[in-house]
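Descriptive structure summary
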Amino acid sequence: MTVKGVLVASEANETGVLAGDDRMLIDGELQHAAGGAAFEVIHPASEQVVGRAADGTVEDMGRAVAAARRAFDDGSWSADLEFRKHCLMQLHDAMERSKERLRRILITEVGCPVTVTGSQIESPIHEVKHWAEFGADFEYLRDTGLHDTPLGPARRMLRYEPVGVVGAITPWNVPLYLNIAETVPALMAGNTVVLKPAQLTPWSGSELGRIVAEETDIPAGVFNVVTSNANEVGAALSADPRVDMITFTGSTATGRAILAAAAPTVKKTLLELGGKSAHIVLEDADLNAAMPLAAMMACVMSGQSCVLPSRILLPRSRYEEGIGLLATMMQNFPVGDPWTPGVMQGPQICAAQREKVLGLIASGVADGARLVTGGGIPANLPVGYYTEPTLLADVDPNSRIAQEEIFGPVLTVTPYDTDDEAVAIANNSIYGLSGEVSGADVDRAFAIAARLRTGNVTINGKSHFGIDSPFGGTGQSGLGYRNGTHGYQEYLHIKTIGMPE
Ligand code: NAD
């Protein structure tokens, strides 16, 4: 079967673009949008329309919120821990069965190279099981013992209770992973959920809805998915007084809008926002190891990664050496069709994103940066939203390209003379998501890491990121945590009960 010239395979283990489900899940029913509206989904490697998604309305969102409210207030979901574990283990098993289908939908929507889909398919499926087991073992009632009070000793119990109805709003760059990361711990903690996936990646959300509806016992209204091409539908979810919490991953600009919309009802908000992270390379660093890895990390998801340390700070004594190693890796990086095994960088997700990236590169050059390599569209890839791996040196830390999130396969390089100067440049940002330090003396690297105003730091390529460790940003990179015990507790309120001995 072909859709506008693009091969569409129908079976799970074949390759080629695959259209996802064009229905939403509201109150246990897979359904089209009110009025039947749909919007087009484009494959970024071919620029062709490959199918449609339901264009949910504010009215659809209202019905989903009503269903989630009813399921929380009147159903037994929040009280039945064993049943929740049972349902989420079913979800895990069903996702395992649908793994190749989910992978093809991811590549179709995002253009993520098949070779690097593991962290976006295998990891989130594993995380469903992780949260089911973690939540089953969590201690929801804790006795803190006797406390002195003016009226005599009081025993205090801490009761961890679900927050209520959680609205989950996700971005397009790692859609299945974030749909899972935002909803599964919330569900396991006893909340009901309305998921609003990003416009560019509706199917990673609608497929999850289909699996929940068709292959699990999750009751009607407990998990809802509303796809939409309109930002106002996410805005309606954020403002709805029936929603108790918004969990959001996306840009800082949208995070601010969500905070404002949540303010009138003082909703709990968990925000994971943009980043502009720095990588401080110390004089004694192993550049032969650190620079190729830094260049690879900038390219593998076409630079569409929130935690990417895109600002490389090199000591002046090793400046040209570092630039040379970065450039060599970028010039030889395997860019191309995401369906081809071995390709590590696919296209940007859409034309507008590539325009933004190319515009920022041009602004860097206009502000005095030296274009070392890249800077345009690969000559051999005229179709698809591809961008050349790009290296800019001599970048002014106050220039636009050093201050704004690029979200493309682009690294900037700035020289420094002292550790204090490197730390000051790294901290010269409204963001504070992550950072990196490379150096042979790990104690010194750790001392530098401690001075970075960010939520997370990697030293010598040892990742800070994992399901068992808290992840969150400082500054305008966010509020609150995902992952680890801290991340689970975000979806719980603590009720403190004082009682007789
Ligand atoms: P975005 O902010 O444009 O959109 C994210 C989601 O918000 C989408 O679902 C969108 O429909 C919705 N939305 C838009 N306007 C809204 C409004 N007014 N009210 C409610 N919802 C609204 O972000 P994006 O372009 O999809 O994703 C890229 C951004 O996400 C980057 O800034 C990246 O750094 C960030 N990100 C952060 C993390 C993290 O963990 N900190 C992870 C991945 C991506």
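Residues numbered from 1 in each chain as written. Predicted model: local features only at pLDDT ≥ 70, side-chain atom pairs only at ≥ 80, totals over all residues. Heavy atoms only, no water.

A closer look at the overall build of the protein chain
Tallying secondary structure elements over the protein chain gives 15 helices and 24 strands in all. Relative to a compact globule of 501 residues, whose C-alpha radius of gyration would be 23 Å, the protein chain shows 23 Å and is just as compact. For the C-alpha atoms alone, the extent of the protein chain along its principal axes is close to 70 × 70 × 40 Å. For the protein chain, the proportion of its 501 residues judged to be buried stands at 57%. Counting contacts in the protein chain only where the partners sit at least 6 residues apart, residues at least 24 apart contribute 73% of the total. As displayed, the protein chain has an accessible area near 19,100 Å², and 54% of this comes from carbon and sulfur atoms. Of the side chains in the protein chain, 38 bear a positive and 59 a negative charge, and the two mean positions are spaced by 3 Å. (Helix = DSSP H or I, 4+ residues; strand = E, 2+ residues; numbered from the N terminus. Rg over C-alpha atoms; globule rule 2.2 N^0.38 Å. Buried < 20%, exposed > 50% of the residue type's maximum accessible area, 1.4 Å probe, protein only. Contact = heavy atoms within 4.5 Å. Areas by Shrake-Rupley, 256 points an atom, 1.4 Å probe, with all protein chains shown as cover. Lys, Arg positive; Asp, Glu negative; His and termini not counted. Charge placed at Lys NZ, Arg CZ, Asp CG, Glu CD.)

A word on unusual backbone geometry
Glycine aside, residues mostly have negative phi, and peptide bonds are mostly found in the trans state. Phi angles above zero are rare outside glycine, and aspartate 27 is one such case at about 55°. Note that aspartate 27 resides in the loop between strand S3 (24-26) and strand S4 (29-31). Here aspartate 27 falls in the partly exposed class, since its relative accessible area comes to 31%. Even without being a glycine, asparagine 483 presents a positive backbone phi close to 70°. Relative to the helices and strands, asparagine 483 resides in the loop between strand S23 (478-479) and helix H15 (484-489). The exposure class assigned to asparagine 483 is buried, which follows from its relative accessible area of 4%.

A short note on the site of the ligand
Near the ligand you find 29 residues, and of these Lys196, Gln199, Ser251, Thr254 and Glu405 are the closest. One of the backbone N or O atoms of threonine 170 is found 2.8 Å from an oxygen atom in the ligand. In the environment of the ligand, an oxygen atom lies 2.6 Å from a nitrogen or oxygen atom belonging to the side chain of serine 251. Notes on the ligand: free accessible area 850 Å², of which the protein chains cover 88%. Judged by its atoms lying within 2 Å of the grid points, the ligand is housed in the second largest pocket. Secondary structure elements with two or more residues in the shell around the ligand: helix H7 (231-239), strand S12 (245-249) and helix H8 (252-262). (Near = heavy atom within 4 Å. Polar contact = N/O pair within 3.5 Å; in protein donor to acceptor, adjacent residues only side chain to side chain. 1 Å grid on protein atoms, 1.4 Å probe; cavity = no way out; pocket = protein on both sides within 12 Å on 5 of 7 lines; lining within 4 Å. Sits in = over half its atoms within 2 Å of the grid points.)

A look at the confidence of the model for the protein chain
Should pLDDT be low for a region, the predicted coordinates there are not to be read in detail. Looking at the protein chain, the pLDDT average stands at 96 and 97% of residues meet or exceed 70. Of all the helices and strands in the protein chain, strand S1 (residues 2-3) carries the lowest mean pLDDT, 31, while strand S10 (residues 192-196) carries the highest, 99. Taken together, the stretch residues 1-12 has pLDDT below 50 and engages in 27 contacts with residues farther than four places along the chain or on a different chain. (pLDDT = per-residue confidence, 0-100.)

With respect to the domain arrangement of the protein chain
For the protein chain, the assigned domains are domain 1 (25-32 + 57-273 + 478-497) and domain 2 (278-466). Inter-centroid distance (C-alpha atoms) of domain 1 to domain 2 is 32 Å. The interface is formed by 23 residues belonging to domain 1 together with 24 residues belonging to domain 2. Of the roughly 1,700 Å² buried between domain 1 and domain 2, counting both surfaces, carbon and sulfur atoms make up 68%. Of all residues in domain 1, Pro113, Trp172 and Asn173 give up the largest surface area on contact with domain 2, accounting jointly for 28% of the area buried on that side. Our enumeration of links across domain 1 and domain 2 arrives at 0 salt bridges. Taken together, the links from domain 1 to domain 2 amount to 4 residue pairs in polar contact (both at pLDDT 80 or more). At 5 residues, the largest contribution of residues to the side of domain 1 that touches domain 2 is made by helix H3 (residues 99-110). (Domains from an automatic or database assignment. Buried area = accessible area lost by both parts, 1.4 Å probe. Salt bridge = Lys/Arg side-chain N within 4 Å of Asp/Glu carboxyl O.)

A closer look at helix H6 (residues 202-215)
Its 14 residues give H6 an end-to-end C-alpha distance of 20 Å, which sits within 8% of 20 Å, the value for a rise of 1.5 Å per residue. With respect to burial, H6 is a largely interior element, 11 of its 14 residues being buried. Among the residues of H6, those classed as buried are Pro202, Trp203, Ser204, Gly205, Ser206, Glu207, Leu208, Gly209, Arg210, Ile211 and Val212. (Expected span 1.5 Å × (residues − 1).)

Considering helix H9 (residues 287-299)
With 13 residues, H9 should cover 18 Å at 1.5 Å per step; its first-to-last C-alpha distance of 18 Å lies within 8% of that length. For H9, the set of buried residues is Leu287, Ala290, Met291, Ala294, Ala295, Ala298 and Cys299. Along the axis of H9, the buried positions cluster into a sector of 160°, meaning they face one direction only. Where H9 is buried, its residues meet strand S14 (277-281), strand S15 (309-315), helix H10 (319-331), strand S18 (410-416) and strand S20 (435-438). (Arc of directions from axis to C-beta.)

Considering the nonpolar core
Judged by nonpolar contacts, the single largest core of 77 residues is most densely connected at Leu91, Met95, Phe223, Ile312 and Leu326. Considering every element that reaches this core, the biggest residue donor is H9, with 7 residues. Two domains each put at least three residues into this core: domain 1 (25-32 + 57-273 + 478-497) and domain 2 (278-466). Leaving out residues up to four positions away in the same chain, isoleucine 312 has contacts with His279, Val281, Met291, Ala294, Leu326, Leu411, Thr412, Val413 and Thr414. (Core = buried A, V, L, I, M, F, W, Y, C linked by side-chain atoms within 4.5 Å.)

What to know about the packing of aromatic side chains
Per the stated rule, a full pass over the model turns up 11 aromatic pairs. Relative to tyrosine 488, the ring of tryptophan 131 lies with its centre 5.8 Å away and its plane at 15°, an arrangement referred to as stacked. Of this pair, tryptophan 131 sits in helix H4 (residues 118-137) while tyrosine 488 sits in helix H15; the two residues are 357 residues apart in sequence, bridging distant segments of the chain. The class for tyrosine 488 is buried, based on a relative accessible area of 0%. Note on tryptophan 172 and phenylalanine 407: the rings are 5.5 Å apart at their centroids and 80° apart in plane angle, and the pair reads as edge-to-face. Of this pair, tryptophan 172 sits in the loop between strand S9 (165-169) and helix H5 (175-188) while phenylalanine 407 sits in the loop between helix H12 (400-403) and S18, and the two are 235 residues apart along the sequence. Taking the relative accessible area as the measure of exposure, tryptophan 172 reaches 14% and is therefore buried. Among the residues examined, phenylalanine 407 registers a relative accessible area of 13% and is labelled buried. Among the aromatic residues, those joined into a cluster by ring pairs are Trp131, Phe134, Phe138, Tyr140, Tyr160 and Tyr488. It is arginine 142 that lies over the ring of phenylalanine 138; its NZ or CZ is 4.9 Å from the centre. (Phe/Tyr/Trp six-rings, centres within 6.5 Å; stacked < 30°, edge-to-face > 60°. Lys NZ or Arg CZ within 6 Å of the ring centre and 35° of its normal.)

A closer look at the environment of arginine 52
With respect to the helices, strands and loops of the structure, arginine 52 is situated in strand S6 (residues 48-54). Under the relative-accessibility criterion, arginine 52 is labelled partly exposed at 44%. Along the primary structure arginine 52 and glutamate 96 are separated by 44 residues, whereas in three dimensions their C-alpha atoms are 25 Å apart. Beyond its immediate chain neighbours, meaning those up to four positions away, arginine 52 contacts Asp22, Ala38, Phe39, Glu40, Val41 and Trp203. A polar contact is formed between the side chain of arginine 52 and the side chain of glutamate 40, at a distance of 3.2 Å.

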